[in-house]
Amino acid sequence: MATYITDILAGKLGSMLQYGEMTTLHLGSQTWILLNTKEVAEAIIHKNGRITNERPEMPIAGGLVSHDKRTVIRQTKHWTEGRRVMHHLLSGSVLKTYGSWQESASLQLLSSYLDDPERWFAHHFRYSLDVLYRVVMGDDLINKTQAELDDFQQAGMEFVRSLAQSMIDFFPILDKIPAFMQPWRLYWKDMGDRHRKVMVDWWQPVYAQVQAGMAGPSFVRDTLLNPDMKYKGNEEEAMYLAVSVMTAGGDNTRMSLNTFIMSMIDNPAHFAIARAQLDKVCGVSSQSMRLPGMQDFEQLPYISAIIKEVLRWRPTVPLVPPHQLTEDLQCKHYFFPAGVSFVINNVAIGQGVPEWDTYDPARWLDGTESNLIYNHWAFGGGRRICVGYRIAHQALWIAIARLIFCFDLIPAGEYNTRVLNHVSLEEPFPVKFSARSEVHKALIRVAANAEVEKEKANG
Ligand code: HEM
């Protein structure tokens with residue numbers, strides 16, 4: 001199986017720690033400073049957040065591939081308005097509603113595991129996107145074909161790969177020479193145009209429904225296109241914002257679920273601990289047994305600890321997109337000139353704990369495990385911090401709790417815990433799943449059917 005560049009890169013990033021708490025990289029005309037410890041990330045990204053939140057100019061990944069509109073790498077003057085409206089995604093009251101949608105989407109995930117266990121990785125993507133599609137667009141994925149899902153996933157993966165892949169982003173000045181002297185342009189422009197087409201295909205039906213007053217509650221209907229919210233962007237910007245949220249959320253959740261599976265096949269003892277705790281709360285005899293649900297969140301802190309450990313052990317975002325400094329900064333005994341970019345190195349940060357190479361969720365059990373961003377940099381930081389970390393927490397929590405409760409899993413061949421093959425539409429590593437028992441199977445079927453009936457009744 002091919003080893004992807006992201007897996008190789010992740011292997012190298014940890015070694016940066018040997019050079020100290022920061023590593024300076026000169027990449028073309030850009031200077032990147034990798035932040036290799038929690039302490040420096042805290043000092044620079046949190047404590048100096050006012051001046052460390054710009055994104056550098058990226059003519060390829062930001063310009064041609066994203067038409068200057070993907071929120072995660074937009075420069076501040078265009079980004080703040082989108083960020084203002086995205087804050088609604090973090091609000092406590094909407095999270096409760098999302099929790100019940102996530103529970104219902106997870107039933108579809110469990111059913112797919114029963115029906116077609118070989119395609120477990122594809123079910124992860126559908127589930128992750130389903131949750132986001134409901135939250136952002138207000139619809140479910142039932143009418144989307146596998147080809148549409150593949151196109152969407154492909155566009156997301158290509159965008160991520162475009163980050164730091166073109167040398168032109170490290171020499172942004174080259175973007176200023178006449179276009180006919182830029183032989184690379186066509187390749188990236190084609191990619192960006194293809195991505196836009198995918199976005200339009202996903203956006204237009206929802207936009208039309210909102211305009212016709214037929215749409216269900218969603219981020220698009222209630223925030224982006226709701227006149228009371230006074231969003232100042234145009235329709236194109238609204239489309240990029242909505243679809244970017246779905247892409248960022250869907251793909252990171254998918255990758256985190258895949259990594260969780262890898263962590264469990266490699267660490268059956270931790271799987272057994274989690275299952276024993278789930279059994280205690282949800283029952284083991286057929287009379288009293290029920291599926292875990294969001295109501296068990298407080299009683300099962302080990303599941304949140306698993307999430308934090310998965311994201312430390314093999315971070316889904318090894319390098320957080322660069323945070324550019326907008327003013328000169330003196331921090332501790334270092335001087336940084338305006339214009340340098342700070343890059344949170346999650347691989348090295350993850351190695352700054354005792355016995356870092358050992359997978360052990362219990363290291364997070366200190367009463368703060370249900371706050372995913374406490375003492376953790378998987379979601380970035382400062383004003384650019386991931387707007388979806390609470391949604392991600394719930395989506396991962398319910399899926400992980402239910403998968404551990406209902407399914408057995410073993411490796412189905414050779415695997416390497418450092419080769420996660422995230423950039424693939426095929427099975428990333430070999431795993432065999434089976435339902436834990438007929439009773440567990442029946443629990444899933446009954447709950448999934450009840451959900452279908454409920455949705456039919458709600459129209
Ligand atoms: C395990 C899952 C996830 C991980 C590891 C993750 C990680 C990240 C990281 C590292 C950033 C950049 C932060 C920075 O620059 O400091 C980010 C930004 C972002 N994330 Fe997430 N994320 C996850 C899930 C989600 C979900 C579920 C959503 C959707 C609700 C989401 C939406 C976004 C958006 C829209 C941005 C850009 C924010 C902005 O432009 O201000 N993410 N995420």
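Please read these numbers as outputs of a predicted model, since none were measured by experiment.

Trainee: So what exactly am I meant to see when it comes to the overall build of the protein here?
Mentor: Scanning the protein for helices and strands turns up 15 helices and eight strands. Computed over its C-alpha atoms, the radius of gyration of the protein comes to 22 Å, within 12% of the 23 Å expected for a compact globule of 459 residues. Dimensions of the protein, computed from C-alpha atoms along their principal axes, come out at roughly 70 × 55 × 40 Å. Considering only intrachain contacts with a sequence separation of at least 6, the fraction spanning at least 24 residues in the protein is 74%.

Trainee: Would you explain the UniProt feature "binding site: heme" (unreviewed entry) in the protein in this entry?
Mentor: Using the residue numbers shown here, the UniProt feature "binding site: heme" (unreviewed entry) corresponds to C386. Relative to the helices and strands, C386 resides in the loop between α13 (346–350) and α14 (389–406). Since 22 C-beta atoms lie within 10 Å of it, C386 is described here as buried. Setting aside anything within four residues of it in sequence, one finds C386 in contact with F379 and G380.

Trainee: Help me out: how do you make sense of the packing of helix α6 (residues 120–137) against helix α10 (residues 235–266) in this one?
Mentor: Each packed pair of helices is defined by two parameters, the angle between the axes and the distance between the axes. Contact geometry of α6 with α10 gives a least axis separation of 8 Å together with a crossing angle of 145 degrees. Taken as a pair, α6 and α10 cross one another with a handedness that is right-handed. Residues F121, H124, F125, S128, L129, L132, Y133, V136 and M137 of α6 form the contact with α10, whose own contacting residues are A242, V245, M246, G249, G250, T253, R254, L257 and N258. Here the contact of α6 with α10 is composed, by residue class, of eleven nonpolar, six polar and one charged.

Trainee: Quick question: what am I supposed to make of the nonpolar core here?
Mentor: Nonpolar side chains tend to gather and get buried jointly when the protein is soluble and globular. With 119 residues, the main nonpolar core has L35, V136, A242 and I400 as its most contacted residues. Ranked by residues supplied to this core, first place goes to α10 with 14 residues.

Trainee: Looking at this structure, how should I read the sheet that holds strand β3 (residues 323–324)?
Mentor: Hydrogen bonding along the main chain pairs the strands of a sheet, whether they run parallel or antiparallel. Across the sheet, four strands lie side by side as β1-β2-β6-β3; this open sheet has mixed pairing. On the outer flanks of this sheet lie β1 (22–27) and β3, each paired with one strand and no other. Both β3 and strand β6 (residues 341–344) contribute to a ladder of two bridges, which runs antiparallel. Each bridged residue has a counterpart across the sheet, and for H323 the counterpart in β6 is F342. In the packing of helix α2 (residues 38–46) onto the sheet, contacts are made with β1, β2 (30–35), β3 and β6, and the angle to β6 comes to roughly 135 degrees.

Trainee: Explain the site of the ligand to me, please; I cannot follow it from the model alone.
Mentor: The full set close to the ligand counts 29 residues, and G249, N252, G380, C386 and G388 are the nearest of them. Top contributing element to the shell around the ligand by residue count: α10, with seven residues. For the shell around the ligand, the per-class residue count stands at 17 nonpolar, ten polar and two charged.

Trainee: Sorry, what's going on with α2 here?
Mentor: For an α-helix the count is 3.6 residues per turn, leaving residues at separations of three or four pointing the same way. By the burial criterion, the buried members of α2 are V40, A41, I44 and I45. End-on view of α2: buried residues confined to an arc of 100 degrees, all on one side of the axis. On its buried face, α2 sits against β1, β2, β3, β4 (329–331), β6 and α13.

Trainee: Honestly, the confidence of the model for the protein in this entry has me stumped. Any pointers?
Mentor: Do not read the fine detail of predicted coordinates wherever pLDDT is low. Overall, the predicted model of the protein reaches an average pLDDT of 92, with 97% of residues at or above 70. In the predicted structure, residues 1–5 sits below a pLDDT of 50 and forms five contacts with residues beyond four places in sequence or in another chain.

Trainee: Just checking my understanding: could you explain unusual backbone geometry for this structure?
Mentor: A negative phi angle characterises most non-glycine residues, just as the trans form characterises most peptide bonds. Even without glycine at this site, K332 takes up a positive phi of about 50 degrees. For K332, the position within the fold is in the loop between β4 and β5 (334–336). For K332, a count of 10 C-beta atoms within 10 Å gives the class exposed. Even without being a glycine, N375 presents a positive backbone phi close to 65 degrees. Structurally, N375 can be placed in the loop between α13 and α14.

Trainee: Any chance you could explain helix α7 (residues 146–162) here in plain terms?
Mentor: Between the first and last C-alpha of α7 there are 24 Å, a value that for 17 residues agrees with the 24 Å anticipated at 1.5 Å per step. The complete set of buried residues in α7 reads F152, Q153, A155, G156, F159, V160 and S162. In this structure, the buried side of α7 is in contact with α3 (59–64), α6, α8 (185–211) and α10. The positive-phi residue at the C-terminal boundary of α7 is A164, with phi of around 65 degrees.

Trainee: Whenever I open this one, the packing of helix α5 (residues 92–115) against α6 confuses me. Can you help?
Mentor: In the contact formed by α5 and α6, the axes pass within 9 Å of each other and the chain directions differ by 160 degrees. Judged by the inter-axis angle, α5 sits roughly antiparallel to α6. Relative to α6, α5 is oriented so that their crossing is right-handed. Mapping the contact onto sequence places Y98, W101, Q102, A105, S106, Q108, L109, S112 and Y113 in α5 and W120, H123, Y127, D130, V131, R134 and V135 in α6. Taken together, the residues of the contact of α5 with α6 break down into nine nonpolar, five polar and two charged.

Scoring rules and cut-offs
Residues numbered from 1 in each chain as written. Predicted model: local features only at pLDDT ≥ 70, side-chain atom pairs only at ≥ 80, totals over all residues. Helix = DSSP H or I, 4+ residues; strand = E, 2+ residues; numbered from the N terminus. Rg over C-alpha atoms; globule rule 2.2 N^0.38 Å. Contact = placed C-beta atoms within 7 Å. UniProt positions renumbered as here; feature names shortened; annotations may be inferred. Buried ≥ 20, exposed ≤ 12 C-beta atoms within 10 Å, placed from the backbone. Axes fitted to C-alpha atoms, helices over the stretch in contact; angles between N-to-C directions. Left-handed = near helix turned anticlockwise from the far one by under 90°. Nonpolar A, V, L, I, M, F, W, Y, C, P; charged D, E, K, R; others polar. Core = buried A, V, L, I, M, F, W, Y, C linked by C-beta atoms within 7 Å. Pairing = 2+ DSSP bridges. Near = placed C-beta within 6 Å. Arc of directions from axis to C-beta. pLDDT = per-residue confidence, 0-100. Expected span 1.5 Å × (residues − 1). Parallel < 35°, antiparallel > 145°, perpendicular 65-115°, else oblique.

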